[in-house]
Amino acid sequence: MQAKEAAEVEIIRLLKAGKDSYISGQALSAALGVSRTAVWKHIEKAREMGFSIEALPSKGYRLNTSADAPFNGIEVSSGLETGFIGRNICFYPSLDSTNMKAFELGRQGAPEGTAVIADSQTGGKGRLGRRWESPAGANLYTSIILRPGIPPRHAHNLTFLSAVAVAETVERFSPVRPTVKWPNDILLDGKKVAGILMEMDSEPDRVHFVVAGIGVNINIKVTAFPDRLRPMATSLYEKSGKETNRAVFTCVLYSSLEKWYKVYREKGFLPLMEAWKGFFASVGKTVTVRSFDSVIEGVCLGVDDDDGALLVKTRAGAIERVVSGDVEIKRDGL
Ligand code: BTN
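Residues numbered from 1 in each chain as written. Predicted model: local features only at pLDDT ≥ 70, side-chain atom pairs only at ≥ 80, totals over all residues. Heavy atoms only, no water.

**Digging into the pattern of salt bridges**
Consideration 1: By the definition in use, this model includes 26 salt bridges.
Consideration 2: With its nearest N and O atoms 3.2 Å apart, the salt bridge here joins E75 to K16. You can see E75 sitting in helix α4 (residues 73-77) and its partner K16 sitting in helix α1 (residues 6-17), a full 59 residues away along the chain.
Consideration 3: Note on K16: relative accessible area 27%, which makes it partly exposed.
Consideration 4: The salt bridge partner of R228 is E133, with a shortest N-O separation of 3.3 Å. Note that R228 is positioned in the loop between β9 (206-216) and α7 (236-240) and E133 in the loop between β4 (115-121) and β5 (140-146), a separation of 95 residues in sequence.
Consideration 5: Given the relative accessible area of 51%, R228 is considered exposed.
Consideration 6: What you see here is one network of salt bridges that share partners, running through R127, R130 and D326. (Salt bridge = Lys/Arg side-chain N within 4 Å of Asp/Glu carboxyl O. Helix = DSSP H or I, 4+ residues; strand = E, 2+ residues; numbered from the N terminus. Buried < 20%, exposed > 50% of the residue type's maximum accessible area, 1.4 Å probe, protein only.)

Printed below as a string of structure tokens:
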């Protein structure tokens, strides 16, 4: 939420808390510390932003919750329960890439927890230089700035942290339990529902900030994906048969990210790894791992608890430690 919309956020928060009852203009003006005329102007602005607010001269204002809520920074901010993640939200109807915008803001000194959200992306970035399909009106594209103050060699820990938070959130909204594909693809019934792109700005011994870029296929229908993606992509809508409120999903995701970030800061990497392994279902399966200079095929033995490296036993019996690459899960056993 940009600071200039703080009053609208507070009004929507109060109207939501009031459920279906009316809140008087006087009560809103007292709560916000502004005149009733100013309240009325903020109500008008909120209406322009897509909120359906009813007004009765004798009673005051009421949020019409049966109308579709808009997906914007005010709607997300008014539902947030976090201390710092998403407390500074920069929402855009369209961006090239939320990661690129977050990177720019990070360089300008944006505070930890700053979250960029776009309704659509024209140049959504995936891992390994791929493109991330980002049509409007359907999904979540968000990038969060973290400033963990760790050396670059530990930045990979945040990859696992983000995967746990996304998997945990998807689980809340899906009838099917998600799994993670190493290191941080989130799958439902073997098809990708969410992807994470971590990027960092650092010097040799210190990370300045990390951008956790998260894309979740929420309300998109599989027929809207390009042909080449249809066999491997899915969405919450495809699994549940109903629309998920994107703002509610975003608030749950930010709470989960903040919870696991605190765990990481207080207790280190191990609890994250344990939680991540709870979603990992590739042990014992034959995998092919492609990295920029090699292809490894073998049976997945698990991951290294210290750094999350993937452990693969090849046909020759060697145990390979993979720290980056793209995994294809083939079948059970060798
Ligand atoms: C992957 O390849 O699995 C990673 C996909 C990450 C996509 C998200 S959408 C929000 C953020 N902005 C981007 O440009 N990419 C990430």
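**A few points about the domain arrangement of the protein**
Consideration 1: When its domains are assigned, the protein resolves into domain 1 (6-63), domain 2 (73-277) and domain 3 (286-330).
Consideration 2: A separation of 32 Å is found between the C-alpha centroids of domain 1 and domain 2.
Consideration 3: Taken together, the contact between domain 1 and domain 2 spans seven residues of the former and seven residues of the latter.
Consideration 4: Here domain 1 packs against domain 2, burying approximately 630 Å² in sum over the two surfaces, 62% of which is carbon and sulfur.
Consideration 5: Summed over the shared surface of domain 1 and domain 2, the number is one salt bridge.
Consideration 6: Along the contact surface separating domain 1 from domain 2 lie three residue pairs in polar contact (both at pLDDT 80 or more). (Domains from an automatic or database assignment. Contact = heavy atoms within 4.5 Å. Buried area = accessible area lost by both parts, 1.4 Å probe. Polar contact = N/O pair within 3.5 Å; in protein donor to acceptor, adjacent residues only side chain to side chain.)

**Looking at the site of the ligand**
Consideration 1: The full set close to the ligand counts 20 residues, and S97, T98, K125, R127 and K192 are the nearest of them.
Consideration 2: Residue S97 places a side-chain N or O atom 2.7 Å away from an oxygen atom belonging to the ligand.
Consideration 3: Residue Q121 places a side-chain N or O atom 3.0 Å away from a nitrogen atom belonging to the ligand.
Consideration 4: Contact with the protein chains covers 99% of the free accessible surface of the ligand, which is 420 Å².
Consideration 5: With respect to the detected pockets, the ligand is housed in the largest pocket.
Consideration 6: Within the residue set of the shell around the ligand, elements represented by two or more residues are α5 (98-107), β5, β8 (191-203) and β9.
Consideration 7: Looking at which element gives the most residues to the shell around the ligand, the answer is β8, with four residues.
Consideration 8: Along the lines of polarity and charge, the residues of the shell around the ligand split into five nonpolar, eleven polar and four charged. (Near = heavy atom within 4 Å. Areas by Shrake-Rupley, 256 points an atom, 1.4 Å probe, with all protein chains shown as cover. 1 Å grid on protein atoms, 1.4 Å probe; cavity = no way out; pocket = protein on both sides within 12 Å on 5 of 7 lines; lining within 4 Å. Sits in = over half its atoms within 2 Å of the grid points. Nonpolar A, V, L, I, M, F, W, Y, C, P; charged D, E, K, R; others polar.)

**Some remarks on the environment of R153**
Consideration 1: Mapping R153 onto the fold places it in the loop between β5 and α6 (157-173).
Consideration 2: With a relative accessible area of 66%, R153 lands in the exposed category.
Consideration 3: Expressed as a C-alpha distance, the spacing of R153 and S174, which sit 21 residues apart in the sequence, is 34 Å.

**Structural notes on the packing of α6 against helix α9 (residues 270-277)**
A pair of packed helices is captured by two measures, namely the crossing angle of their axes and the spacing between those axes.
Consideration 1: Running from N to C, α6 and α9 point in directions that differ by 45°, and their axes come no closer than 9 Å. Between α6 and α9, the angle is such that the two are oblique. Considering the relative orientation of α6 and α9, their crossing is left-handed. Contacts between α6 and α9 involve N157, F160, L161, A163 and V164 from the former and L272, M273, A275 and W276 from the latter.
Consideration 2: In terms of residue class, the contact of α6 with α9 is built from eight nonpolar, one polar and no charged. (Axes fitted to C-alpha atoms, helices over the stretch in contact; angles between N-to-C directions. Parallel < 35°, antiparallel > 145°, perpendicular 65-115°, else oblique. Left-handed = near helix turned anticlockwise from the far one by under 90°.)

**Observations regarding the nonpolar core**
The tendency in soluble globular proteins is for nonpolar side chains to be buried as a group.
Consideration 1: If you look at the biggest cluster of nonpolar residues, it comprises 60 residues, and the most contacted ones within it are V170, W182, I186, Y254, W276 and L310.
Consideration 2: Contact partners of V170, with chain neighbours within four places excluded, come to P178, I186, L188, V193, V216, L236 and F249.
Consideration 3: Counting 16 residues, the second-largest nonpolar core is a separate cluster that includes I12, L28, L32 and Y61. (Core = buried A, V, L, I, M, F, W, Y, C linked by side-chain atoms within 4.5 Å.)

**Digging into the sheet that holds β5**
Consideration 1: Pairing in this open sheet of seven strands is mixed, and the strands run β3-β4-β5-β9-β8-β7-β6 from one edge to the other. Unpaired on one side and paired on the other, β3 (89-95) and β6 (179-181) mark the two borders of the sheet. Mean inter-strand twist for the sheet, computed between neighbouring axes without regard to direction, equals 20°.
Consideration 2: Alignment of β4 against β5, held across four bridges, turns out to be antiparallel. By the bridge assignment, A118 is partnered in β5 with Y141.
Consideration 3: Of the strands in this sheet, β3, β4, β5 and β9 are in contact with helix α8 (residues 246-267), which crosses β5 at around 25°. (Pairing = 2+ DSSP bridges.)

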